[in-house]
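Results of the structural survey
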Amino acid sequence: MLELATEQGKPLTEMDLADSPLAIRGLTVSYGEKPAVFSVDMTVQPGSMTAIIGPNGAGKSTLLKAALGVIKPLSGQVQVFGRPLDEQRAQIAYVPQRASVDWEFPTRVIDVVVMGLYRDVGLMGRLRKQHISRAQACLARVGMEDFADRQIGQLSGGQQQRVFLARALAQNAAIYLLDEPFAGVDAATEKAIISVLQSLRAEGKTVVAVHHDLATVAEYFDNVFLINTRKIAEGTVADAFTAETLQATYGGRLATAQVDQLALALG
Amino acid sequence: MLWDALLLQLGYNATLVAVGATLLGIAAGVTGTFLFLRKRALVSDAISHATLPGVGLAFIVMVLLGGEGRNLLGLLIGSAISAGIGLLCLNWLTRNTRLAEDAAIGAVLSVFFGFGIVLLTVIQSMSIGRQAGLEGFLLGSTAGMLWSDAVVIAIGGAVVLALITLLRRPMTMVAFDPEYAMAQGLPVNRIDLAMMGLVMAVTVVGLKIVGLILIVALLIIPPVTARFWTERAERVVLISGAVGGLAGYVGVAISASAPNLPTGPIIVLVSFVLFAISLLLAPGRGALAVLIRHLRFQRQVHMRQGLLALAQGQPIYESLTLRILRRAGLVRADGVATDAGKGRAAKALRDEKRWEVARADQAHEAAAQLYDGLRDIETVLTQDQIADIDRHIGGPQGIPA
């Protein structure tokens, strides 16, 4: 842990690619003929929490999905601990946006969490008691153990988000990629989620989250990755989350006063 | 007559058809559930209509090769090939053009069906082979069903069921959250293709009994029916299979009990009856249960609002509220609370306070989520927990006179 802590201070370019839990090189993703993400490099620090920040339509979710192999990129590479993504799927857990599924689907909370164990259970394997109890433990970790048998349609937005986080925890991966985990959730859920993420970091795991609330960036995250189709800045909050980089990312969309205020808050 | 039919006592052919239709119904209901959960139910309509050119071409090829044109296995293989081509066209259109899936379904369905009808018309004017009966594939025709036909259906249905048992969990995962499944490394495209392949197999196997126009009903109606009875995907699959099997069996029995009743359409009508019964009567999701719950809820709301009004000494204006309180013996005819009414009112007010405390405490989250302003707090918290909350609130507050 000590070593990791010193490494976080180093400039990103010095990182050895093989040590990075998630390294992206020259990634371009395009829907039709308009690139959503253009020639992006990203090197995630091990054992850190990184916020991906940018305006709407800046390609944040697209970057995440391409890193997961959910979207096929036009060009570029994704390496996980220095190896191709396809060999390392088990290392990456994904928490998609809450609104990406139909919550009327006929299933219970525990069944959703068990989906995170698919790699252990196998494509056609049998579900065993130990799998269920592991899923239960993950639910407990997000404070949802009493909800195991509820139908998912009965959950509030914040609870849905925590179920998705529990499903990712069940994978017991080294890297957690979250797509707007705090969007539309109540304060209690936000607190519960951030404390789980921080405990993951304390275990030496790596967290990357698409994040919208500029006010909480410095409080929650170690590193930031600013993107607006192209990469704007990457580094520690102190180095890369500045008035200049924010202005470059959001252009005129962020009022100058807002930027100054944030910069002031950051010191 | 119907009783005899239900007990399989109407002779060899009816028994053969009944067994075949039951197996087909089970296979279609189970397979259709995954299509329904994946929200791609109508793809089956495109697949089924795309079988027709294959039937015609297979007939022509078999006759040209000097064989018997009406060999069922040959016709089914032909129909499977053309349905497969239709499915590939559909997938290509949705993936590589800007057409939405519904438009692509419409295009594939009508073009293949039209081509198939042209082929059948040509065959009729060719005076080759014994062409009569090919139209039977449109709506099914069970009159001349052979033992070998039943065997083909039984084997096809069994294979489909075995494959679904193996693939049920990945197929459910893909239906619920395809992107997550893909991120986990599941071969989502191949799983989707396998699902469509199974639908194709059911369609082809069902051509003889219900025909290509109505097979879609056997794939869609049973899962929709089953959905009324349960909130769990595995059970939707099982119930859907049971509904399909029952519809197949009863449908054949009814059509065998009187002359000139077409088997396939009767099976579809029976499954519709099961659907209608579920829609109305299923506990939980059925229309009647929803209505009863709504009325009971409304009563509870009025009761609770009335009690809180009594506890706080406010006047009650709504006549429904007064009527409900009066019928429960909580207020007198002149609107003044009885002793029982005063007791209940005080408890209602106190419960409101207890809920307030419980809802503010993250430790009670699961219970607090059940708060709807109506539920008695002792149904979700233990006596000890309530005592805790009461300590938090302070001593009991007197019942207002």
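Rules behind the numbers
- Residue positions are given per chain, counting from 1 as you read along its sequence in written order.
- Chains and ligands are labelled sequentially in the order written, the chains with letters from A and the ligands with numbers from 1.
- For a predicted model such as this one, the threshold for reporting local features is a pLDDT of at least 70, and the threshold for listing and counting side-chain atom pairs is 80 or more; totals across whole chains, interfaces and linings nevertheless cover every residue.
- Neither water nor hydrogens contribute to the side-chain values; these are computed over all heavy atoms in the structure.
- Comment: elements are numbered from the N terminus, with helices defined as DSSP H or I runs of at least four residues and strands as E runs of at least two.
- Note on classification: 1.4 Å probe, protein chains only; a residue is buried when its accessible area is under 20% of the maximum for its type, exposed when over 50%, partly exposed between these limits.
- Two residues qualify as a contact provided that any one of their heavy atoms is within 4.5 Å of a heavy atom in the partner residue.
- Where accessible areas are quoted, they stem from the Shrake-Rupley method and a 1.4 Å probe; at the residue level, only the protein chains shown are allowed to cover.
- In this tally, Asp and Glu contribute negative charge and Lys and Arg positive charge; neither His nor the terminal groups of the chain are included.
- Taken as the charge centre is NZ of Lys, CZ of Arg, CG of Asp or CD of Glu, depending on the residue.
- Think of it this way: DSSP has to see at least two bridges between two strands before they count as a pair.
- Note on geometry: axes are C-alpha line fits, over the in-contact stretch for helices, and angles between N-to-C directions span 0 to 180 degrees.
- A 1.4 Å probe that fits into a set of points on a 1 Å grid over the protein atoms alone but cannot get out defines a cavity; an open set with protein on both sides within 12 Å along at least five of seven lines defines a pocket, and lining residues are those with an atom within 4 Å of a point.
- Grid points are joined across faces, edges and corners, and a volume is the space filled by probe spheres set on the points.
- In this count, Pro and Cys sit with the nonpolar residues alongside Ala, Val, Leu, Ile, Met, Phe, Trp and Tyr, while Asp, Glu, Lys and Arg are called charged and the others, Gly among them, polar.
- Two joining distances apply to patches: 9 Å for like charges and 5 Å for nonpolar side chains (Val, Leu, Ile, Met, Phe, Trp, Tyr), and every residue must have over 30% relative accessible area and no salt bridge.
- Salt bridge, as used here: a side-chain nitrogen of Lys or Arg that lies within 4 Å of a carboxyl oxygen of Asp or Glu.
- Segment limits for the domains were obtained from an automatic or database-derived domain assignment.
- The buried area of a pairing is the accessible area, by a 1.4 Å probe, that goes missing from both parts when the two are put together, added over both.
- Any N or O atom pair separated by 3.5 Å or less is treated as a polar contact, with the protein-specific requirement of one donor-capable and one acceptor-capable atom, and with residues adjacent in sequence counted only for side-chain atom pairs.
- The definition of a right-handed crossover adopted here requires that, viewed with the strands pointing away, the path from the first strand over the helix to the second runs clockwise.

Scanning chain B for helices and strands turns up 18 helices and zero strands. The principal-axis extents of the C-alpha atoms in chain B amount to approximately 100 × 55 × 35 Å. A total of 401 residues make up chain B; the buried ones form 48% of that total. At a minimum sequence separation of 6, the contacts of chain B that also span at least 24 residues come to 68%. Split by element, the accessible area of chain B, about 19000 Å² in all, is 66% carbon and sulfur. Charge separation in chain B, taken as the distance between the mean sites of 32 positive and 26 negative side-chain charges, equals 2 Å.

Residue and element names in this part refer to chain A. With antiparallel pairing, the four strands of this open sheet are ordered in space as 2-1-4-5. Each edge of the open sheet carries a strand with a single partner, namely strand 2 (34-44) and strand 5 (83-84). As defined by bridge partners, strand 1 (residues 22-31) adjoins strand 2 across seven bridges and the pair is classed as antiparallel. Of the residues in strand 2, the one forming a bridge with Leu-22 is Val-44. Strands in contact with helix 2 (residues 60-68) are strand 1, strand 2 and strand 4 (75-80); relative to strand 1, the strand with the most contacts, it is inclined by about 115°.

Another point: empty space enclosed by the protein. All names here are of chain A. The tally for this structure, following the rule as stated, stands at one cavity of 30 Å³ or more. Lining the largest cavity are eleven residues, with Thr-43, Val-44, Thr-50, Asn-223 and Glu-234 sitting closest to its centre. Elements that contribute at least two residues to the lining of the largest cavity include exactly strand 2, strand 9 (223-228) and strand 10 (230-236). Taken together, the residues that form the lining of the largest cavity break down as five nonpolar, five polar and one charged.

Residues and elements named next belong to chain A. Helix 2 sits mainly inside the fold: nine of its nine residues count as buried. All buried positions along helix 2 are accounted for by Lys-60, Ser-61, Thr-62, Leu-63, Leu-64, Lys-65, Ala-66, Ala-67 and Leu-68. Taken from the residues just after helix 2, Gly-69 is the one with a positive phi, measuring 80°.

All names here are of chain B. Taken together, the side chains of Phe-272, Val-273, Ile-277, Leu-279, Leu-280, Leu-281, Leu-288, Leu-291, Ile-292 and Leu-295 present a nonpolar region at the surface, about 890 Å² in accessible area. Breaking the nonpolar patch down by element, the ones donating at least two residues are helix 13 (263-281) and helix 14 (287-311). If you tally residues by element for the nonpolar patch, the top one is helix 13, at six residues. If you trace the backbone, Phe-272 turns up in helix 13.

A separate point is the domain arrangement of chain B. Taken domain by domain, chain B holds domain 1 (2-264) and domain 2 (288-393). A straight line from the C-alpha centre of domain 1 of chain B to that of domain 2 of chain B covers 54 Å.

Contact with chain A, which involves 42 residues of that partner, is made by 30 residues of chain B. Approximately 3100 Å² of surface area, both sides summed, lies buried where chain A meets chain B, with 56% of it carried by carbon and sulfur atoms. Linking chain A with chain B are three salt bridges, by the criterion used here. Remark: the boundary between chain A and chain B carries nine residue pairs in polar contact (both at pLDDT 80 or more). Elements with a contribution of two residues or more to the side of chain A that touches chain B: helix 2, helix 3 (109-114), helix 4 (118-121) and helix 6 (157-170) of chain A. Considered class by class, the residues forming the side of chain A that touches chain B number 19 nonpolar, eleven polar and twelve charged.

A separate point is unusual backbone geometry. At Thr229(A), a position not held by glycine, the phi torsion is positive, near 65°. The backbone of Lys39(B) shows a phi angle near 60°, a positive value even though the residue is not glycine. Counting through the fold element by element, Lys39(B) comes out in the loop between helix 2 (12-37) and helix 3 (43-49).

Here we come to the pairing of strand 8 (residues 206-210) of chain A. When a strand is regular, its side chains alternate between the sheet's two faces. Residue and element names in this part refer to chain A. In terms of residue burial, strand 8 counts as a mostly covered element, since five of its five residues are buried. Along strand 8, one buried face is formed by Thr-206, Val-208 and Val-210 and the opposite face, lined by Val-207 and Ala-209, is buried too. As for the winding sense of the linkage, the β-α-β connection from strand 7 (residues 175-179) through helix 7 (residues 187-202) to strand 8 is right-handed.

The next point concerns the pairing of strand 7 of chain A. Residues and elements named next belong to chain A. Of all five residues that make up strand 7, five are buried, and the element is covered over most of its length. By the alternation rule, side chains of strand 7 split into Ile-175, Leu-177 and Asp-179 and Tyr-176 and Leu-178, which are all buried. Inspection of the sheet shows strand 6 (residues 92-95) paired to strand 7 by four bridges, in the parallel sense. Note that in strand 7 the partner of Val-95 across the bridge is Leu-178. Inspection of the sheet shows strand 7 paired to strand 8 by five bridges, in the parallel sense.

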